[in-house]
Amino acid sequence: MSKTATLAPAAPKPSFWRRWRFHLSALLLIVPIVYVPSYFENLALSRGLMGLGQRPAGDVLVGPWKLQFAEWKVEPPKSDPAGMVKTFTMAQCAGCQDQIRAVYLRVGKPRSLRAAGSIFFGSPHRAFATVPIPPRTAPDADLWITAEGWDGSVHQAPWPIATASPATVEWLKKQGASR
Amino acid sequence: MAKPSRSKLWFLVHSWLALPIWIFLFFICATGTIAVISQEIVWLINPAVRAQAPDADTPRMGYQALMDAIAKQEPEASVQRLSWPEESQFALSANVGYPGARFTSIYVNPYTGAVQGPALSFDLRQFMRALHGWLLIPFTNGYSWGWYLVSLLSLPMLASLVTGLVVYKRFWRAYFQKPRLRVGQGARIFWGDFHRLSGLWSVWFILLISVSAIWFLVQAVLADTATTISTQGVPAVVARDEVPTVTPGQTVKRLPLDEIVAVAERELPGLETQHVFFPGNAYDPITIAGRGAYPLMFQYAKINPYSGKVEELRRLSDRNGLEFFTESMRPLHTGDFGGFWLKLVWFFFGLLLTMMSLSGLLIWTKRTAQATAKALRPARADRAAAREVTE
């Protein structure tokens, strides 16, 4: 009997899998590392370090007031219990805070103040409104802004969806094509 | 081959529950433990957060006086919310927006009204919560999948607790015996004692943490399937005809904040006002929220800012039994309902729980190492014998 024959089967080297299998969940810790940049990007957006929203959508003159709008996130409408919705942000003109009582937004011209749409909620420097976007809306349709003064006056202005959110126009075009 | 005994089987189940995921579990326990005291860490880092009473007799300033003081020092700021700290060594915080859509928190001394500074740009508390709660994965459509990943850990955790108690023969007797933590007899003995001892005294804590985390999982499933079990109605609004109309140039009359808080405290006896949410528009009432006799749940009153009329009340008695359970889960998980010392208790047991996933692994590897050594020993003996024969 040779020496080598007795020694060979003594200690099989543990395979990579056997050695590391209980530590493989460490790979899950890569996930938060990957998401660090988007976490801070979201934080910067909510703190307004990127402005009013992800995409500035210009100023609209509604009656005597100049309101500044933005698309909160550049993306197509999102599903919600209320249907497909899209969120916009608005900032009032400097010093208008004591004049403007409320601002509303909806797709299509409202028939009355009661049907003016979603009311903006937040601060005079950034208020949010989440607006239902009916999938059958024509891509060239308008959003309508209704502003109500503390003196009871009501002013309206159209705001093309194309200006407000090109991503929504793209989405509407796709809705039309698939119909 | 003999059938493995039942306790041996339970032991194997206990080992295998956490073993394959121990690093992930360790990470979640560790970040959660830090999250418990993150506010206190911020207190150490940022002097603006601290507020000691100048002396024992100095009372806190009134609500409106504080608002006026903020307005005087920060004329551009629009205050969205005021939050009084749970602990007296903290300044109160005001969420404010500035022209240009910049939003931050500023810390205000409740005794002097001095604005002590803004929050640091890195919000440790929020970061630790996001890291622990959903691995920083954003909530885009419904709950973040990180939330699911983390809350799913509650299942092996609860199962580990149950199987751990099953394999710990007559564990209840250990409560009356001298605690055993043998140091100096090798790592295997030490970590084994540690695992058993901390498990024994953490039963209540592990139960709280895992059951509340199971609720977090259920909560996400309910939300993502648009199922509601809440008795809460739609938020109240101020009726159109109760919102004043003023001629241009005049200012809208609103009640002083102290009066509104007084209405809330009258309607909700025992209320300790902790948060004031200012209206988001002209038709939105002002919300006064705080804890009462039952420290785990918030009560609130929504009040018409122009007239002081109560628009909505959410009392303890408005909740059903199920809501008492579900709404108590979050504070029981975080330990933030009883001040600093309670947080320290949560922190301590959080540390033990974190170490349990590590000690569990160490016991396993030491035991496996020993078992391997034992298995190899006869082979070595054979080899030695073979050597003797050949030489």
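Here, the structure is the one placed above.
Residues numbered from 1 in each chain as written. Chains lettered and ligands numbered in written order. Predicted model: local features only at pLDDT ≥ 70, side-chain atom pairs only at ≥ 80, totals over all residues.

Draft legend 1. The packing of helix H3 (residues 38-45) of chain B against helix H5 (residues 124-134) of chain B, seen in detail. Residues and elements named next belong to chain B. For the pair H3 and H5, the least separation of the axes is 8 Å and the interaxial angle reads 150°. One way to sum up the angle between H3 and H5 is to call them roughly antiparallel. Relative to H5, H3 is oriented so that their crossing is right-handed. For the pair H3 and H5, the contacting residues are Ser38, Gln39, Ile41 and Val42 in the first and Leu124, Arg125 and Met128 in the second. Residues belonging to the contact of H3 with H5 are distributed by class as follows: 4 nonpolar, 2 polar and 1 charged. (Axes fitted to C-alpha atoms, helices over the stretch in contact; angles between N-to-C directions. Helix = DSSP H or I, 4+ residues; strand = E, 2+ residues; numbered from the N terminus. Parallel < 35°, antiparallel > 145°, perpendicular 65-115°, else oblique. Left-handed = near helix turned anticlockwise from the far one by under 90°. Contact = placed C-beta atoms within 7 Å. Nonpolar A, V, L, I, M, F, W, Y, C, P; charged D, E, K, R; others polar.)

Draft legend 2. Highlighting the interface of chain A and chain B. In this assembly, 41 residues from chain A lie in contact with 43 residues from chain B. When contributions to the side of chain A that touches chain B are tallied by element, the ones reaching two or more residues are helix H1 (3-7), helix H3 (30-46), strand E5 (100-107) and strand E7 (121-123) of chain A. Classifying every residue of the side of chain A that touches chain B by side-chain character gives 22 nonpolar, 12 polar and 7 charged.

Draft legend 3. Quick peek at the sheet that holds strand E9 (residues 142-149) of chain A. All names here are of chain A. Reading across from one edge, E6-E5-E9-E10 is the order of the 4 strands in this open sheet, with antiparallel pairing throughout. Each end of this open sheet is capped by a strand with a single partner; those strands are strand E6 (118-119) and strand E10 (154-160). Pairing analysis gives 7 bridges linking E9 to E10, with the strands arranged antiparallel. In the sheet register, aspartate 142 faces E10, and the bridge partner there is proline 160. (Pairing = 2+ DSSP bridges.)

Draft legend 4. Fine view of the packing of helix H4 (residues 63-73) of chain B against helix H11 (residues 257-267) of chain B. Residues and elements named next belong to chain B. Relative orientation of the contacting elements H4 and H11 amounts to 145°, with a least axis distance of 6 Å. Contacts from Tyr63, Gln64 and Met67 in H4 reach Leu257, Asp258 and Val261 in H11. A per-class count over the contact of H4 with H11 returns 4 nonpolar, 1 polar and 1 charged.

Draft legend 5. Region of interest: the environment of B:Trp364. Residues and elements named next belong to chain B. Structurally, tryptophan 364 can be placed in helix H13 (residues 339-390). Judged by the 17 C-beta atoms lying within 10 Å of it, tryptophan 364 is partly exposed. Tryptophan 364 has contacts with Ser15 and Leu19, leaving out every residue within four places of it along the chain. (Buried ≥ 20, exposed ≤ 12 C-beta atoms within 10 Å, placed from the backbone.)

Draft legend 6. How the structure looks around helix H10 (residues 203-224) of chain B. Residue and element names in this part refer to chain B. With 22 residues, H10 extends 32 Å from end C-alpha to end C-alpha; this agrees with the ideal 32 Å at 1.5 Å per step. Buried within H10 are the following residues: Ile206, Ile209, Ser210, Ala213, Trp215 and Phe216. Directly after H10, the chain includes alanine 226, whose backbone phi takes a positive value near 55°. (Expected span 1.5 Å × (residues − 1).)

Draft legend 7. Layout of unusual backbone geometry. All names here are of chain B. Residues other than glycine seldom take positive phi values, yet alanine 101 does so here, at roughly 65°. Position of alanine 101 among the secondary structure elements: in the loop between strand E2 (92-98) and strand E3 (102-108). For alanine 101, a count of 24 C-beta atoms within 10 Å corresponds to the buried category. Within the chain, alanine 226 stands out as a residue other than glycine whose phi angle is a positive 55°.

Draft legend 8. Local environment of the sheet that holds strand E1 (residues 78-83) of chain B. All names here are of chain B. Strand order in the open sheet formed by 8 strands is E4-E3-E2-E1-E5-E6-E7-E8, and the pairing between neighbours is antiparallel. With one partner strand each, in any of the chains shown, strand E4 (115-118) and strand E8 (310-314) form the two edges of the open sheet. For this sheet the average axis-to-axis angle between neighbouring strands, irrespective of direction, equals 25°. Where E3 and E4 come together, 3 bridges link them in antiparallel fashion. Of the residues in E4, the one forming a bridge with tyrosine 107 is glycine 117. Packing of H11 onto the sheet brings it into contact with strand E5 (272-277), strand E6 (286-291), strand E7 (298-303) and E8, and relative to E7 it is tilted by some 125°.

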